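Working through the structure, step by step
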Amino acid sequence: MDLLALADFTLVARHGGFGKAARAARRPKATLSRRVAELEAALDLRLFERSRRDLKLTEEGRALFERAGALLSELEETAAAIASGSERVRGRLRISVPLLFGQLAMGRLAADFVRQHPEVRLEVTTDDRAVDMIEEGYDLVIRVDPAADEALVGRPFLHDRLVVVAAPEVPRPTDAAAPVVVRGGDAAAIWSVRAADGPAELKVDPVMRLSSMVMIRDAVLAGGGAARLPLSLVGRDIADGRLAHWGDVAGSDIALWALYPSRRLLNARVAAFLEFLRRSFPAGAPEELAAFVEGRGRDFGEAQPLPPT
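The present account deals with the structure reproduced in this document.

1. Observations concerning the overall build of the protein chain
Helices and strands together make up the secondary structure of the protein chain, namely 10 helices and 13 strands. Classification of the 309 residues of the protein chain by burial places 43% in the buried group. By sequence separation, contacts in the protein chain at least 24 residues apart represent 74% of the contacts at least 6 residues apart. Working note: accessible area of the protein chain is about 16,400 Å², and carbon and sulfur atoms make up 53% of it.

Following this line, the structure appears as structure tokens:
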């Protein structure tokens, strides 16, 4: 494929017409029209729907523009960085993160990252669904235990596990079902728990269904029942005695992954954010996130110990 013709196509698509693109690039309109026609012929695809007054991308043209535009931008950035002799971290960085991680940590992480890289324009959205990185224009996504995907590569940067907690005044039943607060459609009738005195099965009676982990934590702190919550969210409450630790949920170890498209070059912005996450959570332990949320950051080593695994 002719990369110059592809670049001319993205130029025309970005400006919405041959005339506007020609004026912006100070190039002949006829040249741009010819180059796009050659690209369409080479691909055997119609990329634009043409009329006397309008020029619109076809479905195939839109798909090519979304993918080629990002790739060409990365190539230009790489070439500019090599020419200048340094990989400057600048430009837009668009990230999708899970709702809970966004609520707990992403605000401070975003501020710290931009403070270190003032030429970056950071955009962060929260979403628990599996976003389409290519179609929706994300450079990086953070997900909990993502399914294998050949189109994505990445690394885990934080680990966590679920624990069963309740307010100290809530008794732990032995035979009867325990009143519990659950999330969404959780329909489990029995929770398998690893307690200090060994494994056990806990019968549960959902008395509240809440959509947010933060809401569930608040309800549990208020004595609304027991709940399964991430250790990173409630570790400090356990250590300070605000919540009683009934045990760990069996088989609940989870990992947060930072992912990016395998078909894209690893640009300086994504590489810098991956390194930033590594330095922010060097051990990748849930206690580190709990300490970060409490505002202690790198003073984590001075914090009181949390429950053992």
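2. Some remarks on the packing of helix H7 (residues 213-221) against helix H8 (residues 231-239)
Relative orientation and spacing of two packed helices are given, respectively, by the angle between their axes and the distance between those axes. For the pair H7 and H8, the least separation of the axes is 11 Å and the interaxial angle reads 20°. Taken together, the axes of H7 and H8 lie roughly parallel to each other. As for the relative orientation of H7 and H8, their crossing is right-handed in sense. Of the residues in H8, those touching H7 at Met213, Arg217 and Leu221 are Leu233, Val234 and Asp237. Considering only residue class, the contact of H7 with H8 consists of 4 nonpolar, no polar and 2 charged.

3. Thoughts on the pattern of salt bridges
What the rule picks out here adds up to 20 salt bridges. Among the salt bridges present, the one from Arg35 reaches Glu38, with a minimum N-O distance of 3.9 Å. Of this pair, Arg35 and Glu38 both sit in helix H3 (residues 29-43), 3 residues apart, roughly one helical turn. Where Asp128 meets Arg183, a salt bridge forms, and the shortest distance between an N and an O atom there is 3.2 Å. You can see Asp128 sitting in the loop between strand S4 (120-126) and helix H6 (133-136) and its partner Arg183 sitting in strand S8 (residues 178-183), a full 55 residues away along the chain. With a relative accessible area of 46%, Asp128 lands in the partly exposed category. It is possible to trace a salt-bridge network through shared partners that takes in Arg217, Asp218, Arg236, Asp237, Asp240 and Arg242.

4. A closer look at the layout of surface pockets
Each pocket or cavity is described by its volume, and for the largest pocket that value is around 580 Å³. Along the walls of the largest pocket sit 29 residues, with Leu100, Val144, Arg183, Met213 and Ile254 positioned nearest its centre. Secondary structure elements with two or more residues in the lining of the largest pocket: helix H5 (99-116), strand S5 (140-144), S8, H7, strand S11 (227-230) and strand S13 (254-261). In terms of residue count, the dominant contributor to the lining of the largest pocket is H5 (5 residues). Class assignment of the residues belonging to the lining of the largest pocket gives a composition of 17 nonpolar, 4 polar and 8 charged.

5. A short note on the sheet that holds strand S10 (residues 198-210)
One open sheet accounts for 6 strands, arranged S8-S10-S9-S12-S7-S11; its pairing is mixed. The two strands at the open ends of the sheet, each matched to only one other strand, are S8 and S11. Geometrically, the sheet is characterised by an average inter-axis angle of 55° between neighbouring strands, direction not taken into account. Here 6 bridges tie S8 to S10, and the two strands are oriented parallel to one another. In the strand pairing of S10, Val180 is matched with Pro206. The sheet contacts of H7 involve strand S7 (162-166), S8, S10 and S11, and relative to S11 the element is tilted by about 125°.

6. Quick word on the environment of Glu275
Position of Glu275 relative to the elements: it lies in helix H9 (residues 268-280). Residues Glu275 and Phe157, 118 residues apart in the sequence, show an inter-C-alpha distance of 9.9 Å.

7. Description of the packing of aromatic side chains
Here a ring pair, both rings aromatic, is described through the centre-centre distance and the interplanar angle of the planes. Under the counting rule described, the total for this entry stands at 8 aromatic pairs. Three or more aromatic residues joined by ring pairs make a cluster, and in this case those are Phe101, Phe157, Phe281 and Phe292. A cation over a ring is seen here: Arg94 above Tyr138, with NZ or CZ 4.2 Å from the ring centre. Lying across the ring of Phe292, Arg108 places its NZ or CZ 4.0 Å from the centre.

8. Comments concerning unusual backbone geometry
Positive phi, close to 55°, is recorded for Arg26, a residue that is not glycine. Taking the relative accessible area as the measure of exposure, Arg26 reaches 80% and is therefore exposed.

9. Observations concerning the nonpolar core
Counting 44 residues, the largest nonpolar core has Phe101, Phe157 and Phe273 as its most contacted members. The contacts of Phe273, once residues within four sequence positions are left out, are Leu93, Ile95, Met106, Phe113 and Leu140. Among the nonpolar cores identified, the runner-up in size contains 18 residues, and Ala5, Phe9, Ala13 and Leu64 belong to it.

What counts and what doesn't
Residues numbered from 1 in each chain as written. Predicted model: local features only at pLDDT ≥ 70, side-chain atom pairs only at ≥ 80, totals over all residues. Heavy atoms only, no water. Helix = DSSP H or I, 4+ residues; strand = E, 2+ residues; numbered from the N terminus. Buried < 20%, exposed > 50% of the residue type's maximum accessible area, 1.4 Å probe, protein only. Contact = heavy atoms within 4.5 Å. Areas by Shrake-Rupley, 256 points an atom, 1.4 Å probe, with all protein chains shown as cover. Axes fitted to C-alpha atoms, helices over the stretch in contact; angles between N-to-C directions. Parallel < 35°, antiparallel > 145°, perpendicular 65-115°, else oblique. Left-handed = near helix turned anticlockwise from the far one by under 90°. Nonpolar A, V, L, I, M, F, W, Y, C, P; charged D, E, K, R; others polar. Salt bridge = Lys/Arg side-chain N within 4 Å of Asp/Glu carboxyl O. 1 Å grid on protein atoms, 1.4 Å probe; cavity = no way out; pocket = protein on both sides within 12 Å on 5 of 7 lines; lining within 4 Å. Points joined across faces, edges and corners; volume = space filled by probe spheres on them. Pairing = 2+ DSSP bridges. Phe/Tyr/Trp six-rings, centres within 6.5 Å; stacked < 30°, edge-to-face > 60°. Lys NZ or Arg CZ within 6 Å of the ring centre and 35° of its normal. Core = buried A, V, L, I, M, F, W, Y, C linked by side-chain atoms within 4.5 Å.

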